[in-house]
Amino acid sequence: MGNTNKEELIERWPALPLESWKETRETLHMWTQIVGKVRLELSPHLNHWWQVPFYVTARGLTTSPIPVPGELGQIFEVQFDFIDHQLLILTSSGTAKMIPLIPRSVSAFYQEFMASLQALGIEVTINTLPSEIKYPIPCDQDEVHASYDPGTVQRFWRILVQVDRVLTEFRSHFLGKSSPVHFFWGSFDMAETRFSGRRAPQRGGVDRITREAYSHEVISCGFWPGDDTFPEPAFYSYTFPKPPGLKEAAVRPASAFYHSTMGEFLLRYEDVRSADAPEQVLMEFLQSTYEAGATLGQWDREALER
């Protein structure tokens, strides 16, 4: 990943302060949950919930193919197009529906999306209560979130494109079990996860989502655009279970730090995008935090690394 001039870097890594699109972010989050819950209902279960995330495309995000219930051999796919700002529902039988991405309530989006699925012969019922949200409003009743700013959404997607490129490169260096680079609509973040190959200690009092996600030892890294807990976009890395000494470990770059409340290493997005070589800075963060967790966690690095 070579260096380039500053104007091209700014275009590749655009600014996206949380306050510039907070209402749009919250609305888009709910829209992705509606689409994601359809994938959750209709896709065969995979370990660690890998059947539910989205993937970055050349125009936005996609569910990837989903089986059509009751139609042997038929599939459909839902795509968020953040260039022309439309939601596409495409089927293997050749039929399709398009929904414009415009300012509208979550409830209105839900009604049109579910009606479009039904018109295409796709029958599905979802749990309308949003996941991983502090104060959830059922999607079919949510008239609170109704913002959509095309410019900031496109900047968000352009960031995801760059993050996807770097995480994919980072993933290629690992020989052990690792997740795809994927976008989780529940937590609204992009992630890539490596596994030691050992089961993690069982924890009591956790929900089934957490129990399945952390059934094995992991080091996970990724990007999220910020929320009320940490109100700015950032890259993260955490090790589970957390080995002794992790928060004191030396990681790179110098601007990276351990957030005790969140229990993970963070690197502010602004520190990456303002660097002369953003991809190199991000890769240093990913590699050094992985090395800290894997070494302190006594992973078999010789067997797991290329």
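In this text, all values refer to a predicted model and were calculated from it rather than measured experimentally.

What counts as what
- Residues numbered from 1 in each chain as written.
- Predicted model: local features only at pLDDT ≥ 70, side-chain atom pairs only at ≥ 80, totals over all residues.
- Heavy atoms only, no water.
- Helix = DSSP H or I, 4+ residues; strand = E, 2+ residues; numbered from the N terminus.
- Rg over C-alpha atoms; globule rule 2.2 N^0.38 Å.
- Buried < 20%, exposed > 50% of the residue type's maximum accessible area, 1.4 Å probe, protein only.
- Areas by Shrake-Rupley, 256 points an atom, 1.4 Å probe, with all protein chains shown as cover.
- Axes fitted to C-alpha atoms, helices over the stretch in contact; angles between N-to-C directions.
- Parallel < 35°, antiparallel > 145°, perpendicular 65-115°, else oblique.
- Left-handed = near helix turned anticlockwise from the far one by under 90°.
- Contact = heavy atoms within 4.5 Å.
- Nonpolar A, V, L, I, M, F, W, Y, C, P; charged D, E, K, R; others polar.

A word on the overall build of the protein chain. Within the protein chain, the regular secondary structure consists of eight helices and 12 strands. What you see for the protein chain is a C-alpha radius of gyration of 20 Å, in line with the 19 Å of a compact globule of 306 residues. For the protein chain, the spread of C-alpha atoms along the principal axes amounts to about 55 × 45 × 35 Å. The buried share of the protein chain, taken over its 306 residues, is 52%. Of the roughly 14000 Å² of accessible surface on the protein chain, a fraction of 51% belongs to carbon and sulfur atoms.

Right, let's talk about the packing of helix α4 (residues 150–171) against helix α7 (residues 278–296) for a bit. Two elements in contact, α4 and α7, have axes separated by 10 Å at closest approach and are oriented at 45°. Looking at the two axes, α4 sits oblique to α7. The handedness of the crossing between α4 and α7 is right-handed. Where α4 abuts α7, its residues Q162, R165, V166, L167, E169 and F170 lie against E279, L282, M283, L286, Q287 and Y290. When grouped by side-chain class, the residues that make up the contact of α4 with α7 number seven nonpolar, two polar and three charged.

Attention shifts here to the packing of helix α2 (residues 22–42) against helix α3 (residues 106–119). In contact at an axis separation of 10 Å, α2 and α3 are set at 25° when each is read in the N-to-C sense. In terms of their interaxial angle, α2 and α3 are classed as roughly parallel. Classified by chirality, the crossing of α3 by α2 is right-handed. Between α2, through T27, M30, W31, I34, V35 and V38, and α3, the contact on the second element is made entirely by V106, F109, Y110, F113, M114 and L117. Residue composition of the contact of α2 with α3, grouped by class: 11 nonpolar, one polar and no charged.

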